Amino acid sequence: MASHYSDQRDFIQHISPEIIKEYLKKIHSLDYTVPTKEETREESADRTMQFIKKQEKVVQDRILMELDYVNALSSANHIEALCALAPHIKRKELIEDKSETNDERALLAYINYTKEFDEYYSMANIENCAVKELRLPKVKPIAELMANPETMSQFEKQIQGIYRQSYKGEQCKIKTFIDNDKLILRAYLEDLTTRDTAFVNGKLDEKVPRRAVFDAVFVYSQDRKMLGVRAIGGRDVVRDLQKLFCSHFLGIQDINTDEELYTLPSIKDIIKLNLVADATDGVERVYLKSIRLKSRGSPHKIYIDIGGRTLLTGTDAIQAILKELWLDANAGWEAEGIKITVVFRQSQSGKGRRKQVSVNITPPNHCDLKNRPQDDVVRKLLKDWGLYTA
């Protein structure tokens, strides 16, 4: 959730009655009266909630759901990203000039650009998904992959085939997004029937059947020759989906899904890593946040993590601890994984917090980078430092 507000009433408190009136009229054709006397935010929210509660149940439920839906994207970053996705949005005229809070901006965006808002909502949390990456021996232009609509329809059926082995996926629908050099596919699948508890005709029913929907996400980057997949069902399902994408869209058969993508040098070489970035990368500083060591001759492990508020750079802090523990050149231990933190420079406007990415790396192919622009910068840095072999 973008906002920390816990319910629809709290959300409404941060929106003027005039905008609430516009929302109810344009979206639900309801006439809502703005009070002539001055009210507190709490009084205004209570009066709005009372108005909503007077509507038919189906309308009431729809309004409350929409308010929660809009609240999920009511942050400055989401609004900025929405407007970047749909540059035709008249942001100043229809949003900024009529609002004072981010909640108002989000609701005005939904009122005036519902379709664009819905499209952005579908892809908003994909950026924050960690995917299982796969290096591709060959790629095709995104336009070629999207040229035939029947190709996507066939892919839906093939995904269903994978999940039907566990009696899921009776229905499947794929949404596609293009984000710069990336093609993103989000496959929505129907889950197994589960039991829910609900009021039916005023009585409590413990056995109301419900079919939930889950998704599988594919991120294809032509420039980076990479395919990322996130899906439920465990490692085997993810591998099957990776192989399916490669064979269906790229004509690659029997691809090795366990190829090494990440490598770690010896402890001695790790503490000598030159964690610097090019000036054009927008990075303020980089430091080694933690290291996981495993013994070569026993099942013992050691985890070292740097805390505190010191503005760390490079590997000096970890190096000092390893030397203190006589582990910096001890041949009996080797690095199992590391975490590197990259702190980006603040935006030119000086507003907002500095972006920061902390990436965990465990060879041969585990990394928890996501799909945000700053994660792509970190991927480039990992390659520059010799840790990312793709």
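Fair warning: this is a prediction, and the values are worked out from it, not measured in the lab. (Residues numbered from 1 in each chain as written. Predicted model: local features only at pLDDT ≥ 70, side-chain atom pairs only at ≥ 80, totals over all residues. Heavy atoms only, no water.)

A few words now on the overall build of the protein chain. Within the protein chain one finds 14 helices and 10 strands. With the C-alpha coordinates aligned to their principal axes, the bounding extent of the protein chain is approximately 75 × 50 × 45 Å. Across the protein chain, every contact between residues at least 6 apart in sequence was considered, and the portion connecting residues at least 24 apart equals 65%. Between the mean site of the 60 positive side-chain charges and the mean site of the 59 negative ones, the protein chain shows a separation of 2 Å. (Helix = DSSP H or I, 4+ residues; strand = E, 2+ residues; numbered from the N terminus. Contact = heavy atoms within 4.5 Å. Lys, Arg positive; Asp, Glu negative; His and termini not counted. Charge placed at Lys NZ, Arg CZ, Asp CG, Glu CD.)

By the criterion of burial, helix H7 (residues 102-112) is predominantly enclosed, with nine of the 11 residues buried. As for H7, its buried residues are in contact with helix H1 (8-13), helix H2 (17-28), helix H4 (57-71), helix H5 (76-85), helix H6 (91-94) and helix H8 (114-124). (Buried < 20%, exposed > 50% of the residue type's maximum accessible area, 1.4 Å probe, protein only.)

The next subject is the pattern of salt bridges. Inspection of every chain in the model, using the stated rule, returns 33 salt bridges. Among the salt bridges present, the one from Glu80 reaches Arg91, with a minimum N-O distance of 3.1 Å. In this pair, Glu80 sits in helix H5 while Arg91 sits in helix H6, placing the two residues 11 residues apart along the sequence. When its relative accessible area of 25% is taken as the criterion, Arg91 is described as partly exposed. Lys380 is paired through a salt bridge with Asp281; the nearest N and O atoms lie 3.4 Å apart. On the criterion of sequence distance, the pair formed by Lys380 in helix H14 (residues 373-384) and Asp281 in the loop between helix H12 (267-270) and strand S6 (283-295) is long-range, its members being 99 residues apart. By relative accessible area, which is 39% here, Lys380 ends up partly exposed. Shared partners join several salt bridges into a network, and the residues in it are Glu133, Lys182, Arg224, Asp376 and Arg379. (Salt bridge = Lys/Arg side-chain N within 4 Å of Asp/Glu carboxyl O.)

Our focus in this paragraph is the pairing of strand S5 (residues 226-230). It is a general feature of regular strands that their side chains alternate between the two faces of the sheet. Among the five residues in S5, four count as buried, and that is most of the element. Bridge count for strand S1 (residues 132-135) against S5 is four bridges, and the pairing is antiparallel. Directly across from Arg135, in S5, lies its bridge partner Met226. Across five bridges, the pairing between strand S4 (residues 203-221) and S5 is antiparallel. Across the sheet, the residue bridging to Val217 is Arg230, located in S5. The hairpin formed by S4 and S5 contains four residues between the paired strands, and Lys225 there has a positive phi angle of roughly 50 degrees. (Pairing = 2+ DSSP bridges.)

Core analysis: the largest hydrophobic core is formed by 43 residues, its most contacted members being Tyr23, Leu24, Val70, Leu107 and Phe117. Of all the secondary structure elements, the ones that give two or more residues to this core are H1, H2, helix H3 (41-53), H4, H5, H7, H8 and S4. No other element matches the six residues that H7 contributes to this core. In contact with Leu24, other than residues within four places in its own chain, are Ser29, Leu30, Tyr32, Phe51 and Ile63. With 40 residues, the next largest nonpolar core counts Leu288, Val342, Trp385 and Tyr388 among its residues. (Core = buried A, V, L, I, M, F, W, Y, C linked by side-chain atoms within 4.5 Å.)

Next up on the list: the state of the cysteines. A complete count under the given rule lists zero disulfides for this structure. Free cysteine: Cys246, not disulfide-bonded; nearest cysteine sulfur from Cys172 at 18 Å. Look at Cys246 and you get buried, because its relative accessible area is 0%. For the unlinked cysteine Cys367, the closest cysteine sulfur is that of Cys129, found at 14 Å. The class of Cys367 is buried, set by a relative accessible area of 9%. (Disulfide = S-S within 2.5 Å.)

It is worth spelling out the environment of Lys157 at this point. With respect to the element layout, Lys157 can be found in helix H10 (residues 149-163). Using a relative accessible area of 55% as the deciding quantity, one classes Lys157 as exposed.

This part is about the packing of aromatic side chains. Going through the model one piece at a time under the given rule, you end up with 13 aromatic pairs. Between the aromatic rings of Phe155 and Phe249, the centroid separation amounts to 4.8 Å while the plane-to-plane angle is 65 degrees, which identifies the pairing as edge-to-face. Here Phe155 is found in helix H10, whereas its partner Phe249 is found in helix H11 (residues 235-250), with 94 residues between them in sequence. These aromatic residues form a ring-pair network of at least three members: Phe155, Phe218, Tyr220, Phe245 and Phe249. In this arrangement the basic side chain of Lys168 is found over the ring face of Phe214, its NZ or CZ atom lying 5.7 Å from the centre. (Phe/Tyr/Trp six-rings, centres within 6.5 Å; stacked < 30°, edge-to-face > 60°. Lys NZ or Arg CZ within 6 Å of the ring centre and 35° of its normal.)

Moving on, we come to the confidence of the model for the protein chain. The predicted model of the protein chain averages 90 in pLDDT, with 97% of residues at 70 or higher. Below pLDDT 50 for its whole length, residues 1-5 participates in 17 contacts with residues either more than four positions away or in separate chains. (pLDDT = per-residue confidence, 0-100.)

Spatially, the five strands line up as an open sheet ordered S1-S5-S4-S3-S2, and their pairing is antiparallel. A strand with exactly one partner marks an edge of an open sheet, and here the two such strands are S1 and strand S2 (172-179). Mean inter-strand twist for the sheet, computed between neighbouring axes without regard to direction, equals 20 degrees. Seen against the sheet, H8 touches S2 and strand S3 (182-200) and runs at an angle of roughly 95 degrees to S2. (Axes fitted to C-alpha atoms, helices over the stretch in contact; angles between N-to-C directions.)

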